[in-house]
Amino acid sequence: MQGQDTCVFAIFRGSGIADVSAIGPEIMERLQIHQPAWYFIYLVLLIGVFAWIRLYYGNILIQTVQASANFRVANRAFNDNSLLQNKLDLLLYLFYFFSVAFLLFYLELRIELRPYGLQGGLLYLFNLGLLTGVFLGRLILINIAGFLFNKVKIMREYLYNIYIFNKLSGLLTLPLMFLLVYTKGLLQEVFFIIVIFVLSSIVIMRLIRGVVFSYRKEVLFFYMFLYLCALEIAPLVLLYRWLEGIL
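Since this is a predicted model, take the numbers as computed values, not measurements. (Residues numbered from 1 in each chain as written. Predicted model: local features only at pLDDT ≥ 70, side-chain atom pairs only at ≥ 80, totals over all residues. Heavy atoms only, no water.)

Participant: I'm lost on helix α8 (residues 152-181) in this one. Help?
Facilitator: Residues that lie three or four places apart on an α-helix share one face, since the helix turns once every 3.6 residues. With 30 residues, α8 should cover 44 Å at 1.5 Å per step; its first-to-last C-alpha distance of 42 Å lies within 8% of that length. At T173, α8 shows its strongest bend, of approximately 35°, with the proline P175 following within four residues. Burial within α8 is extensive, with 22 of its 30 residues counted as buried. (Helix = DSSP H or I, 4+ residues; strand = E, 2+ residues; numbered from the N terminus. Expected span 1.5 Å × (residues − 1). Bend = angle between axes of the 7 residues up to and from the residue. Buried < 20%, exposed > 50% of the residue type's maximum accessible area, 1.4 Å probe, protein only.)

Participant: For this particular structure, what's the right way to read the packing of α8 against helix α9 (residues 185-216)?
Facilitator: Axes are the key here: two packed helices are described by the angle between their axes and the distance separating the axes. Put simply, α8 and α9 touch, their axes get as near as 10 Å, and they point 170° apart. Judged by the inter-axis angle, α8 sits roughly antiparallel to α9. The residue inventory of the contact of α8 with α9, partitioned by class, reads 20 nonpolar, six polar and three charged. (Axes fitted to C-alpha atoms, helices over the stretch in contact; angles between N-to-C directions. Parallel < 35°, antiparallel > 145°, perpendicular 65-115°, else oblique. Nonpolar A, V, L, I, M, F, W, Y, C, P; charged D, E, K, R; others polar.)

Participant: In this structure, what is going on with the confidence of the model for the protein chain? I would like to understand it.
Facilitator: Parts of the prediction with low pLDDT should not have their coordinates interpreted in detail. Taken as a whole, the protein chain shows an average pLDDT of 77; of its residues, 74% reach a score of 70 or greater. No element of the protein chain has a lower mean pLDDT than helix α1 (residues 2-14), which averages 41, and none a higher one than helix α3 (residues 37-56), which averages 90. This model gives residues 1-32 a pLDDT under 50, and the stretch forms 16 contacts once residues within four places in sequence are excluded. (pLDDT = per-residue confidence, 0-100. Contact = heavy atoms within 4.5 Å.)

Participant: Help me understand the nonpolar core in this model?
Facilitator: General note: in soluble globular proteins, nonpolar side chains tend to be found buried as a group. Among the nonpolar cores identified, the biggest contains 48 residues, and F102, Y124, M177 and L180 are the most heavily contacted of them. Of all the secondary structure elements, the ones that give two or more residues to this core are α3, α4 (58-67), α6 (83-110), α7 (120-148), α8 and α9. Every residue in contact with L180, bar those within four places of it in the chain, is listed here: L103, Y106, L107, Q188, F191, F192 and V195. Grouped together as the second largest cluster of nonpolar side chains are seven residues, A67, V73, F78 and I164 included. (Core = buried A, V, L, I, M, F, W, Y, C linked by side-chain atoms within 4.5 Å.)

Participant: Where do I start with the packing of aromatic side chains in this structure?
Facilitator: A ring pair, where both rings are aromatic, is described by two values, the distance of the centres and the angle of the planes. The tally for this structure, following the rule as stated, stands at 26 aromatic pairs. Both rings, one in W38 and one in F105, keep their centres 5.6 Å apart while their planes meet at 45°; by these two values the pair is tilted. Separated by 67 residues along the polypeptide, W38 in helix α3 and F105 in helix α6 bring together distant segments of the chain. For W38, a relative accessible area of 32% corresponds to the partly exposed category. Under the relative-accessibility criterion, F105 is labelled buried at 1%. With a centroid separation of 5.2 Å and an interplanar angle of 85°, the aromatic rings of F97 and F135 are classed as edge-to-face. Separated by 38 residues along the polypeptide, F97 in helix α6 and F135 in helix α7 bring together distant segments of the chain. Just as F97 is buried, F135 falls in that class too. In textbook terms, an aromatic cluster arises when at least three aromatic residues are bridged by ring pairs, as seen for W38, Y39, Y42, F102, F105, Y106 and Y124. Of note, R110 hangs over the ring of F192, and the distance from its end group to the ring centre comes to 4.2 Å. (Phe/Tyr/Trp six-rings, centres within 6.5 Å; stacked < 30°, edge-to-face > 60°. Lys NZ or Arg CZ within 6 Å of the ring centre and 35° of its normal.)

Participant: I keep staring at the environment of S68 and nothing clicks. Help me out?
Facilitator: Tracing the backbone shows S68 in the loop between α4 and α5 (71-80). A residue is classified by how much of its surface remains accessible, and S68, at 8% relative accessible area, is buried. C-alpha separation for the pair S68 and I162, spaced 94 residues apart in sequence, amounts to 8.9 Å. S68 has contacts with I164, F165, L168, M205 and R209, leaving out every residue within four places of it along the chain. Here the side chain of S68 touches V65 through a polar contact of 2.5 Å, landing on its backbone oxygen. (Polar contact = N/O pair within 3.5 Å; in protein donor to acceptor, adjacent residues only side chain to side chain.)

Participant: Just to check I follow, could you spell out the side chain of S99 for this structure?
Facilitator: Of note, S99 is situated in helix α6. Accessibility expressed as a relative area gives 0% for S99, which makes it buried. Filtering out sequence-adjacent residues up to four positions away, S99 remains in contact with L46, G170, T173, L174 and M177.

Participant: What's the story with the environment of Y160 in this structure? I'm lost.
Facilitator: As for its placement among the helices and strands, Y160 is situated in helix α8. Taking the C-alpha atoms as reference, Y160 lies 9.9 Å from L139; in sequence the two are 21 residues apart. When neighbours within four sequence positions are excluded, Y160 is seen to be in contact with A74, A77, F78, Q85, D89 and K167.

Participant: Got a minute to help me understand α5 in this structure?
Facilitator: Among the residues of α5, F71, V73, A74, A77 and F78 are the ones counted as buried. Within α5, the buried residues cover an arc of 160° as seen down the axis, which keeps them to one side. Its buried side turned inward, α5 meets α4, α6, α8 and α9. For α5, the capping residue at the N-terminal end is N70, with a side-chain oxygen 2.9 Å from the backbone nitrogen of R72. Once α5 ends, the next one or two residues include N81, with phi positive near 50°. (Arc of directions from axis to C-beta.)

Next comes the structure, spelled out in structure tokens:
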């Protein structure tokens, strides 16, 4: 580090700045972005997993991304139900948990949210458990609703269409996490806004897909409205009130 400091100071001497010793520490503090080492290791591991998925499931991965914007592609992928597709879906769900859990962890640190006063790894594990619980809870409720109303296949297809956006959010947040974690100042503010915009867009796309699905599958609007209130909007409201109470 000493050699690096000397090199930086020499650059400012050459540029005509006289009192290098006075401004040196401040400059070095701005040039260096201090983050725990495990952040970098974790993100590199996620990139390695994504590269492996891209290598072995290239065409199917592209089809999965296309399914988020094309209902017919999503319908074809659901009906395909091949072993390879099922393996990729499982990997992308796991990738979603680990990717989005870290993003939430970093955003909570940035805006100083501490559920139950948790910090560090415990806060990350809390987010990971929360995402997993919400995911599995919706999965169970959807299957119960399908069984009660004798609409198991339609409910599972709906769930598949909705969970496409979970997989999409896991993939999109990976590059955004690197940009958010390893930038500073105004640039980091810009990337923070981009992250919020991307996540909000995915939520809106997910709601639109629900409406499109109900129309294409000739599900009565009244039943879809009840579903959205009971299994989509209500859990989010309850989750918000719960987090509001523990923060």
